[in-house]
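# What the coordinates show
These are the residues of each chain, in order.
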Amino acid sequence: MSYSCLELLNGKNCMYCKYRVASVVRGASLWVALLFYCCAANAAQYRFALLIPNDTPFWSRVALFAQSAAEDLNVELHVLDGDADRHLMLRQFERLLKERRKFDAIIFPNFLQTAETFIPLCESSPVICVLYNSGLEGEAAERLGSPKQRFEHWIAQLLPDDIGSATAVTVALIRDVRASAPGRRVNMIAVNGFAADGPAIAREKGLRTAVGLFDDVTLNQVVYTDWSAEDAESRTMGLLERFPDTNAIWSANYRTTVGVLAALEKYQRTPGRDVWVNSYDINPTSLRQVSEGALTITAGGHYVEGAWAVILAFDHLQGKPRPVATSVFHTPLLLANHRNAGKIIAVLKRLEDYPQTLRKVDFSRYSLALNPTISAYNFSLESVIEQMALTSN
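Below is a short write-up of the structure. Nothing here was measured: the structure is a model prediction, and the numbers come from that model.

What counts, and at which threshold
- Residues numbered from 1 in each chain as written.
- Predicted model: local features only at pLDDT ≥ 70, side-chain atom pairs only at ≥ 80, totals over all residues.
- Heavy atoms only, no water.
- Helix = DSSP H or I, 4+ residues; strand = E, 2+ residues; numbered from the N terminus.
- Buried < 20%, exposed > 50% of the residue type's maximum accessible area, 1.4 Å probe, protein only.
- Contact = heavy atoms within 4.5 Å.
- Areas by Shrake-Rupley, 256 points an atom, 1.4 Å probe, with all protein chains shown as cover.
- Phe/Tyr/Trp six-rings, centres within 6.5 Å; stacked < 30°, edge-to-face > 60°.
- Lys NZ or Arg CZ within 6 Å of the ring centre and 35° of its normal.
- Pairing = 2+ DSSP bridges.
- Axes fitted to C-alpha atoms, helices over the stretch in contact; angles between N-to-C directions.
- Salt bridge = Lys/Arg side-chain N within 4 Å of Asp/Glu carboxyl O.
- Right-handed = clockwise from strand over helix to strand, strands pointing away.
- Parallel < 35°, antiparallel > 145°, perpendicular 65-115°, else oblique.
- Left-handed = near helix turned anticlockwise from the far one by under 90°.
- Nonpolar A, V, L, I, M, F, W, Y, C, P; charged D, E, K, R; others polar.
- Arc of directions from axis to C-beta.
- Core = buried A, V, L, I, M, F, W, Y, C linked by side-chain atoms within 4.5 Å.

## Brief notes about the overall build of the chain
Along the chain, the regular secondary structure elements total 13 helices and 13 strands. Put simply, the chain has 393 residues, and 55% of those count as buried. Long-range pairs, those at least 24 residues apart, make up 73% of the contacts in the chain between residues at least 6 apart in sequence. Working note: accessible area of the chain is about 16,600 Å², and carbon and sulfur atoms make up 51% of it.

## Considering the packing of aromatic side chains
According to the stated counting rule, one finds 17 aromatic pairs in the structure shown. Through successive ring pairs, a cluster of aromatic residues spans Phe58, Trp59, Phe65, Tyr132, Tyr303, Trp308, Phe329, Phe363, Tyr366, Tyr377 and Phe379. Positioned over the ring face of Tyr303 is Arg61, at 5.6 Å from the centre of the ring.

## Focus on the sheet that holds strand 10 (residues 276-277)
Backbone hydrogen bonds are what pair the strands of a sheet, in a parallel or an antiparallel way. Across the sheet, which stays open at both edges, the four strands sit in the order 8-7-9-10 with parallel pairing between neighbours. In this open sheet, the two edge strands, each paired with only one partner strand, are strand 8 (217-224) and strand 10. The pairing of strand 7 (residues 186-192) with strand 9 (residues 248-251) spans four bridges and is classified as parallel. Among the inter-strand pairings, Met188 is bridged to a residue of strand 9, identified as Ala248. Relative to the sheet, helix 7 (residues 198-211) contacts strand 7, strand 8 and strand 9, its axis offset from that of strand 8 by approximately 170°.

## With respect to the pattern of salt bridges
Tallied over the full model, the rule gives 15 salt bridges. Measuring nitrogen to oxygen at the nearest pair gives 3.2 Å for the salt bridge that ties Glu76 to Arg101. Highlighted residues: Glu76 in strand 3 (residues 75-81) and Arg101 in the loop between helix 3 (86-98) and strand 4 (105-108), separated in sequence by 25 residues. Salt bridges sharing common partners tie together Arg47, Glu76, Glu99 and Arg101.

## Concerning unusual backbone geometry
The step from Ser125 to Pro126 runs through a cis peptide bond, and the omega angle for that step is -15°. Structurally, Pro126 can be placed in the loop between helix 4 (115-124) and strand 5 (128-132). Phi is positive for Asn74, which is not a glycine, with a value near 60°. With respect to the helices, strands and loops of the structure, Asn74 is situated in the loop between helix 2 (57-72) and strand 3. With a phi close to 55°, Gln268 is a non-glycine residue in the positive phi region. Topologically, Gln268 is positioned in the loop between helix 9 (254-266) and strand 10.

## Re the pairing of strand 2 (residues 46-52)
The element strand 2 is largely enclosed, with a buried count of seven among its seven residues. Of the two faces of strand 2, the one lined by Tyr46, Phe48, Leu50 and Ile52 and the one lined by Arg47, Ala49 and Leu51 are each fully buried. One crossover worth recording links strand 2 to the parallel strand 3 by way of helix 2, and it is right-handed. The sheet contact formed by strand 2 and strand 4 spans three bridges and is parallel. Residue Leu50 lies in a different strand from strand 4, and its bridge partner there is Ile107.

## Examining the packing of helix 10 (residues 284-292) against helix 12 (residues 341-353)
Where helix 10 meets helix 12, the axes come as close as 9 Å, and the angle between the chain directions of the two elements is 150°. When the interaxial angle is binned, helix 10 and helix 12 end up roughly antiparallel. For the pair helix 10 and helix 12, the sense of crossing is left-handed. Mapping the contact onto sequence places Leu287, Arg288, Val290 and Ser291 in helix 10 and Ala341, Ile344, Ile345 and Leu348 in helix 12. Looking at the contact of helix 10 with helix 12 residue by residue, the class counts come to six nonpolar, one polar and one charged.

## Structural notes on helix 4
Residues Ala115, Phe118, Ile119 and Cys122 constitute the buried set of helix 4. In a view along the axis of helix 4, the buried residues occupy a sector of 100°, so they form one face of it.

## Side note on the nonpolar core
Core analysis: the biggest nonpolar cluster contains 56 residues, and Phe48, Leu50, Phe65, Trp308, Phe363 and Val384 have the highest contact counts within it. With nine residues, the single largest contributor to this core is helix 2. Setting aside residues up to four positions removed in sequence, Trp308 forms contacts with Leu158, Thr331, Phe363, Tyr366, Asn378, Phe379, Ser380, Leu381 and Val384. By size, the runner-up hydrophobic cluster in this structure holds 27 residues, among which are Val169, Val177, Trp276 and Leu333.

## Description of the side chain of Glu204
In this fold, Glu204 is placed in helix 7. Ignoring any residue separated from it by four or fewer positions in sequence, one finds Glu204 in contact with Asn192, Val222, Tyr224 and Trp250.

## What about the pairing of strand 3?
Side chains on a regular strand alternate between the two faces of the sheet. Summarising burial for strand 3: seven of the seven residues are buried, a large majority. Along strand 3, one buried face is formed by Val75, Leu77, Val79 and Asp81 and the opposite face, lined by Glu76, His78 and Leu80, is buried too.

## Remarks on the environment of Ile52
Relative to the elements of secondary structure, Ile52 occurs in strand 2. C-alpha separation for the pair Ile52 and Val62, spaced 10 residues apart in sequence, amounts to 7.9 Å. Once residues lying within four places of it in the same chain are set aside, the contact partners of Ile52 are Trp59, Val62, Ala63, Val79, Leu80, Asp81, Gly82, Met89 and Tyr132.

## Thoughts on the environment of Gln45
Checked against the element boundaries, Gln45 lands in the loop between helix 1 (30-33) and strand 2. Separated by 269 residues in sequence, Gln45 and Phe314 have C-alpha atoms that sit 9.6 Å apart.

Below, the structure is given as structure tokens:
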């Protein structure tokens, strides 16, 4: 499904204009549909396309943040939902390139390895492109290289800082165990995702980096799952049987955390009291568990990369191209702990109930082209949360 002023059927208003678009989208797309920005698309300076794989809450938030940035930069943004279908996304992309009104930039993730097709197509069109959320892997990464290395119109890549965030999450986990009983040794187990997945590899690097900082921490074993709660629960139960003195469990994402918590319940262990656990996502459940003390910390919020990608494309077109060496961005994830979880919950709840709240954030302030006194990008969701918190009273 594609949402844009020019493409919605039956005369419904689009997400650029006023309320009625909610009737033509389904489920989690409400995040996108409730936006009622008036973008004056015909007067926009540039025309961008954003591809999202589906309309789950995460990807709808990607579109929400991208749309807000586009409005602040006077960019006409078309959002295309691939309905979790690789072949549909490929057809959508080909149609974008054939439109009479050319796009100035196309923004897409590497969903099911589609980017290795999209990047050469952008080069031959030509149209600039930004890859976000997931990078190239294996042979495709070797063949296509990095942004601007072999394809001039592939101008940037935005990936979550999985190594840095995993290091910070693990350090917080260790410190909570140590604070609960000074002098106590930290006996940790870890539940990861697919061993060959990029995020799993990067997050494990962060885990091992953090563990190496402490002499009183033993990482007994890392197990790999299919990212599901069911698999994580089964494997955690096996680890608890093998390592009964476990007092810290590292988890690679929110689904594996669900499985970890289910296993602890069956073993009558109490998270936050005799064992400490983390999560990976900024969602209502994880934030509530952090605020209640069941989880030590959670990290996420990389859906804001939709906004950052729009800004990078805009700045490039404004004459602020990035050198090859600085065209890959590892965006920081928001870290939520017991100190800030309440504020984040309040801000995101307001955003969910009133998506127009995001209009209070001025994304133009993050543009180097519009702010010549700024020398480096501050791609931080924390700063966006601060703006929304200050203006939501």
